[in-house]
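Below are the chains, spelled out letter by letter.
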Amino acid sequence: MSTADESRPVREEDDFNAEAMTGWLREHADAFRDDLVGTPEVRQFPGGASNLTYLLRYPARELILRRPPAGAKARGAHDMRREHVIQRALAPVYPYVARMVALCQDESVIGSDFYVMERIDGTILRKELPFELSATEASTLCEHAWEALVRLHSVDVSAVPELAELGRGEGYVARQVAGWTDRLSRAATDDLGDWRSVTGWLQAHQPMDVGQCLIHNDWRFDNMVLDPTDRLRVRGVLDWEMATVGDPLMDLGGALAYWIQADDDDFFQAFRRQPTTAPGMWTRDQVVRWYAERTGLEVTPARWRFYEVFGLFRLGVICQQIWYRYFHGQTHNEAYARFGPAVAYLESRCRALVAADGAG
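First, a word on what this report is: a plain description of the structure on this page. Everything quoted here is computed from the prediction, not taken from an experiment. (Residues numbered from 1 in each chain as written. Predicted model: local features only at pLDDT ≥ 70, side-chain atom pairs only at ≥ 80, totals over all residues. Heavy atoms only, no water.)

## With respect to the overall build of the protein
Piece 1. Within the protein, the secondary structure is distributed over 11 helices and 10 strands.
Piece 2. For the protein, the spread of C-alpha atoms along the principal axes amounts to about 65 × 45 × 40 Å.
Piece 3. Taking the intrachain contacts of the protein between residues at least 6 apart in sequence as the baseline, contacts between residues at least 24 apart amount to 73%.
Piece 4. For the protein, the exposed area adds up to about 15,700 Å²; of that, 48% sits on carbon and sulfur atoms.
Piece 5. Side-chain charges of the protein comprise 40 positive and 53 negative groups, with the mean position of each set lying 1 Å from the other. (Helix = DSSP H or I, 4+ residues; strand = E, 2+ residues; numbered from the N terminus. Contact = heavy atoms within 4.5 Å. Areas by Shrake-Rupley, 256 points an atom, 1.4 Å probe, with all protein chains shown as cover. Lys, Arg positive; Asp, Glu negative; His and termini not counted. Charge placed at Lys NZ, Arg CZ, Asp CG, Glu CD.)

Next comes the structure, spelled out in structure tokens:
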């Protein structure tokens, strides 16, 4: 399975003028001009509920186009220039990013900003494994995936000006708690539950930053491309929309909010988007312990609770922002209909963790 195999016809609401896009690209992508013959076949990838991703299939080359969705957007999100600059700056110091082709900030071309990059060929894991893995192989895959995150967190951002500019100094945890709480209030719908006990607990229990490094902020198997010749190794990392300079444990907490394990309840199992319940896949506790040992950070279960609650809260806000667009008819993608119930579930999961802290 490659990244091209799961592309689909473009949804009507997400279509754009491929001829106009190609005309602009020929003028601005000198190194690729000879390969941009004719109007490409354009297909859309089903993954992701934020920025949209397309396959541009020219006779001599396949490229990837990223653009924002239609409808209202969260402030500061969907910034194509930022996403493009991060990957371009990161490429020399981190081996898992695609080569950038061009950035367009002229909305008259296709109706929005967009950027184009080379396609990284390989396997992207979705809900179920597309191939057989032994338990030992699944464990090795986990190690390689989390090692790629450790390598990202080890990048010296101070040596790369474009990355250093992303940093806002100490106080990342506090800014995140305040920022995501504000995003939740601005995405409120009539059916939103009462999150005040969760946001209040996060405000009261936030720790000091443990470090400042480049963080991905959306670390999942479906944002990784596995090497086609060695399916246990990571070849590329995708979707840098939310990458920034911040606290590495906040990145880990956000990643593990998506990491469903075999003993989770039925609703959380239905929420699974990665094959993390397969035999041999690590549990969340195993990931935390491995990461702590690998990085030298002290992460006790009591200390980890904050990052776990924050990760689930943040995921709840992301789901609510998507649900807001669907609720108000800004998108008609029926896949988004499930996000309302997901928000309510994540609220209850956060409440349970907060209550357990009080009981302890």
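## Some details on unusual backbone geometry
Piece 1. One non-glycine residue, Asn217, lies in the positive phi region at around 75 degrees.
Piece 2. Tracing the chain through its elements places Asn217 in the loop between β7 (213-215) and β8 (224-227).
Piece 3. Note on Asn217: relative accessible area 9%, which makes it buried.
Piece 4. The residue Asp239 is not glycine, and still its phi comes out positive at about 60 degrees. (Buried < 20%, exposed > 50% of the residue type's maximum accessible area, 1.4 Å probe, protein only.)

## Regarding the sheet that holds strand β6 (residues 114-118)
Pairing between the strands of a sheet is mediated by backbone hydrogen bonds and can be parallel or antiparallel.
Piece 1. The strand order across the open sheet built from 6 strands is β1-β2-β3-β4-β6-β5, with neighbouring strands paired in antiparallel fashion. In the strand order of this sheet, the two ends are held by β1 (8-9) and β5 (100-104), each with one partner.
Piece 2. Taken together, the 4 bridges between strand β4 (residues 62-67) and β6 define a ladder with antiparallel strand orientation. Looking at the pairing, Leu65 lines up with Val116 of β6. (Pairing = 2+ DSSP bridges.)

## What to know about the packing of helix α5 (residues 172-186) against helix α10 (residues 301-327)
Piece 1. Following both chains from N to C, one finds α5 and α10 inclined at 30 degrees, their axes separated by 9 Å at the closest point. With respect to their mutual orientation, α5 and α10 come out roughly parallel. Classified by chirality, the crossing of α10 by α5 is left-handed. When α5 is examined against α10, the residues Val173, Gln176, Val177, Trp180, Thr181, Arg183, Leu184 and Arg186 are found in contact with a partner set consisting of Phe306, Phe310, Phe313, Arg314, Val317, Ile318, Gln320, Gln321 and Tyr324. (Axes fitted to C-alpha atoms, helices over the stretch in contact; angles between N-to-C directions. Parallel < 35°, antiparallel > 145°, perpendicular 65-115°, else oblique. Left-handed = near helix turned anticlockwise from the far one by under 90°.)

## A look at the nonpolar core
Soluble globular proteins tend to pack their nonpolar side chains together in the buried interior.
Piece 1. Counting 88 residues, the largest nonpolar core has Tyr94, Trp146, Leu163, Trp219, Leu252 and Phe313 as its most contacted members.
Piece 2. When residues in this core are grouped by element, the largest group, 14 residues, is from α10.
Piece 3. Dropping the residues within four chain positions of it, Phe313 is found in contact with Trp180, Thr181, Leu184, Trp195, Val198, Thr199, Leu202 and Cys350.
Piece 4. Leu36, Leu56, Val109 and Phe114 belong to the second-largest nonpolar core, a separate cluster that totals 22 residues. (Core = buried A, V, L, I, M, F, W, Y, C linked by side-chain atoms within 4.5 Å.)

## Description of the packing of aromatic side chains
Piece 1. With the rule as written, the count across this model stands at 19 aromatic pairs.
Piece 2. For the pair Trp146 and Trp259, a centre-to-centre distance of 5.3 Å together with 55 degrees between the ring planes defines the contact as tilted. Residue Trp146 is found in helix α3 (residues 135-153), and its partner Trp259 is found in the loop between α7 (248-256) and α8 (266-270); the two are separated by 113 residues along the sequence. Residue Trp146 shares its accessibility class with Trp259, and that shared class is buried.
Piece 3. Of the aromatic side chains, those joined through ring pairs into one cluster are Trp195, Trp201, Trp304, Phe306, Tyr307, Phe310 and Phe313.
Piece 4. Arg183 extends its terminal NZ or CZ atom over the ring of Trp180, reaching a point 4.3 Å from the ring centre. (Phe/Tyr/Trp six-rings, centres within 6.5 Å; stacked < 30°, edge-to-face > 60°. Lys NZ or Arg CZ within 6 Å of the ring centre and 35° of its normal.)

## Here's the deal with helix α6 (residues 196-205)
Piece 1. Along α6, the residues that are buried comprise Val198, Thr199, Trp201 and Leu202. Along the long axis of α6, the arc covered by the buried residues comes to 160 degrees, so they all point the same way. Exposed and oriented more than 90 degrees from the buried face of α6 are Arg196 and Ala204. (Arc of directions from axis to C-beta.)

## Digging into helix α1 (residues 18-28)
Piece 1. All of the buried residues along α1 are Ala18, Met21, Thr22, Trp24 and Leu25. Buried positions in α1, seen along its axis, are confined to an arc of 165 degrees and lie on one side of it. Along α1, exposed side chains directed more than 90 degrees from the buried face belong to Glu19 and Glu27.
Piece 2. The secondary structure elements touched by the buried residues of α1 are β2 (41-44), β3 (52-57), β4, β5 and β6.
Piece 3. For α1, the N-terminal capping position is held by Asn17, with its side-chain oxygen 3.1 Å away from the main-chain nitrogen of Glu19. (Polar contact = N/O pair within 3.5 Å; in protein donor to acceptor, adjacent residues only side chain to side chain.)

## What to know about the environment of Val101
Piece 1. Looking at the element boundaries, Val101 is found in strand β5.
Piece 2. The spatial distance from the C-alpha of Val101 to the C-alpha of Asp30 is 9.0 Å, given a sequence separation of 71 residues.
Piece 3. Setting aside anything within four residues of it in sequence, one finds Val101 in contact with Leu25, His28, Ala29, Phe32, Leu63, Val116, Met117 and Glu118.

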